[in-house]
Amino acid sequence: MSKRTKRPKRAGRPRQWRSPLQLEAVRELDPDGRIVVHNRVVDTLARMHKSGSIREPMLDAGRQFQRQFILAQLDPLRAPDIARIPGNGREPDPDDTTLGARRRVHGAIRALGGHDGPLGSITWHVLGCGCSVHEWVLRQGWGARRVRHEQAQGMLIAALDLLAGHYGLKPG
């Protein structure tokens with residue numbers, strides 16, 4: 001009987017880190033006339049539109065919701081307002097643009113079934129806060145319920161379709 005000898009493990013190449021962001025090369029001319037390549041991050045809506053899973057009115061509705069979310073100042077990552085320095089004594093009053101945008105965002109969320117519903121939740125986090133669908137599935141889900149990635153994408157497509165109807169962008 002022969003004895004098996006253990007081979008020493010070969011040191012494999014370390015796995016390279018890959019960013020979850022998808023980049024797209026954009027070619028343009030600089031002022032001197034030379035071709036310059038810039039990398040641009042492709043967001044969730046652009047990827048879905050490019051793959052054909054959403055149509056143009058749905059993309060427009062998603063972009064409109066994102067614009068209103070930013071105008072409403074509901075995004076979680078922003079610099080603190082200089083008017084809120086301690087010792088000032090008062091909260092700054094939001095202007096008419098901000099209040100109008102907040103009303104429109106909350107109206108859209110109500111049209112999707114509210115914050116507690118699956119469509120409202122995925123719209124708030126993916127379109128508004130800028131999370132990816134995968135990140136929403138891992139962190140949030142819907143009311144602490146596990147949701148598969150395919151189901152979450154279907155929820156986002158349904159939410160975009162309803163948003164297009166809410167904003168009057170769907171041909172009727």
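Values in this document were obtained by computation on a predicted structure and should not be read as measured data. Numbers given for residues are sequential positions, taken from 1 along each chain in its written order. Two thresholds apply to this predicted model, a pLDDT of at least 70 for residue-level local features and 80 or more for giving and counting side-chain atom pairs, whereas whole-chain, interface and lining totals are computed over all residues. Excluded from the side-chain calculation are hydrogens and water; included are all heavy atoms of the structure.

### A short note on the nonpolar core
By nonpolar core we mean a set of buried residues, namely Ala, Val, Leu, Ile, Met, Phe, Trp, Tyr and Cys, connected to one another through side-chain atoms within 4.5 Å. Categorising residues by exposure relies on relative accessible area from a 1.4 Å probe, with only protein chains included: less than 20% of the type maximum marks a residue as buried, more than 50% marks it as exposed, and the intermediate range marks it as partly exposed. Core analysis: the biggest nonpolar cluster contains 31 residues, and F65, W136, L156 and L163 have the highest contact counts within it. A run of DSSP states H or I qualifies as a helix once it reaches four residues; a run of E qualifies as a strand once it reaches two. Both are numbered from the N-terminal end. Of all elements in the fold, only α1 (44-51), α2 (56-71), α3 (96-111), α4 (118-128), α5 (133-139) and α6 (149-166) reach the threshold of two or more residues within this core. Residue contacts for F65: discarding those within four places in its chain leaves V105, A108, I109, T123, L127, G128, L163 and Y167. Contacts were defined at the residue level, with two residues in contact if any of their heavy atoms lie within 4.5 Å.

### As for the environment of R67
Residue placement: R67 occurs in helix α2. Overall, R67 belongs to the exposed group, its relative accessible area being 51%. In this structure the C-alpha to C-alpha distance between R67 and A101, which are 34 residues apart in sequence, comes to 8.8 Å.

### Regarding the packing of aromatic side chains
We call Phe, Tyr and Trp rings a pair once their centres come within 6.5 Å, taking the six-membered ring for Trp, and we label the pair stacked below 30 degrees between planes, edge-to-face above 60, and tilted otherwise. A full pass over the atoms with the stated rule returns two aromatic pairs. For the ring pair F65 and F69, a centre distance of 5.9 Å and an interplane angle of 35° mean the geometry is tilted. Pair noted here: F65 and F69 are both in helix α2, with a separation of four residues, about one helical turn. Residues F69 and W124 carry aromatic rings whose centres are separated by 4.8 Å and whose planes lie at 80° to one another, so their mutual orientation is edge-to-face. Of this pair, F69 sits in helix α2 while W124 sits in helix α4, and the two are 55 residues apart along the sequence. Overall, the relative accessible area of 16% leaves W124 in the buried class.

### Quick look at α6
For α6, with 18 residues, the first-to-last C-alpha span of 25 Å sits near the 26 Å given by 1.5 Å per residue. Taken residue by residue, α6 has A152, M155, L156, A159, L160, L163 and A164 as its buried positions. The positive-phi residue at the C-terminal boundary of α6 is G168, with phi of around 75°. Multiplying one less than the number of residues by 1.5 Å gives the expected span of a helix.

### Concerning the pattern of salt bridges
What makes a salt bridge here is a side-chain nitrogen of Lys or Arg within 4 Å of a carboxyl oxygen of Asp or Glu, nothing more. What the rule picks out here adds up to five salt bridges. A salt bridge links D32 to R34; the shortest N-O distance between them is 3.1 Å. For D32, a relative accessible area of 61% translates into the label exposed. A salt bridge links E150 to R148, with the shortest nitrogen-to-oxygen separation between them at 3.5 Å. Residue classification places E150 among the exposed residues on the basis of a relative accessible area of 53%. A relative accessible area of 53% places R148 in the exposed class. Here the residues in one salt-bridge network are D30, D32 and R34, joined through shared partners.

### Some words on the packing of α1 against α6
Helix axes use the C-alpha atoms of the stretch in contact, all axes being lines fitted to C-alpha atoms, and the angles between their N-to-C directions lie in the range 0 to 180 degrees. α6 packs onto α1 with a crossing angle of 90° between their chain directions and a minimal axis gap of 13 Å. One way to sum up the angle between α1 and α6 is to call them roughly perpendicular. Every residue of α6 that contacts α1 at T44, L45 and M48 is listed here: Q153, L156, I157 and L160. Under the convention adopted here, Pro, Cys and the residues Ala, Val, Leu, Ile, Met, Phe, Trp and Tyr are nonpolar, Asp, Glu, Lys and Arg are charged, and Gly plus all remaining residues are polar. Class assignment of the residues belonging to the contact of α1 with α6 gives a composition of five nonpolar, two polar and no charged. When describing relative orientation, an angle under 35 degrees is termed roughly parallel and one over 145 degrees roughly antiparallel, while 65 to 115 degrees is termed roughly perpendicular and anything else oblique.

### Some remarks on the packing of α2 against α6
Where α2 contacts α6, the two axes come as close as 8 Å, and the packing angle between them is 85°. When the axes of α2 and α6 are compared, the pair comes out roughly perpendicular. In contact with P57, M58, A61, G62 and F65 of α2, α6 contributes I157, L160, D161, L163 and A164.

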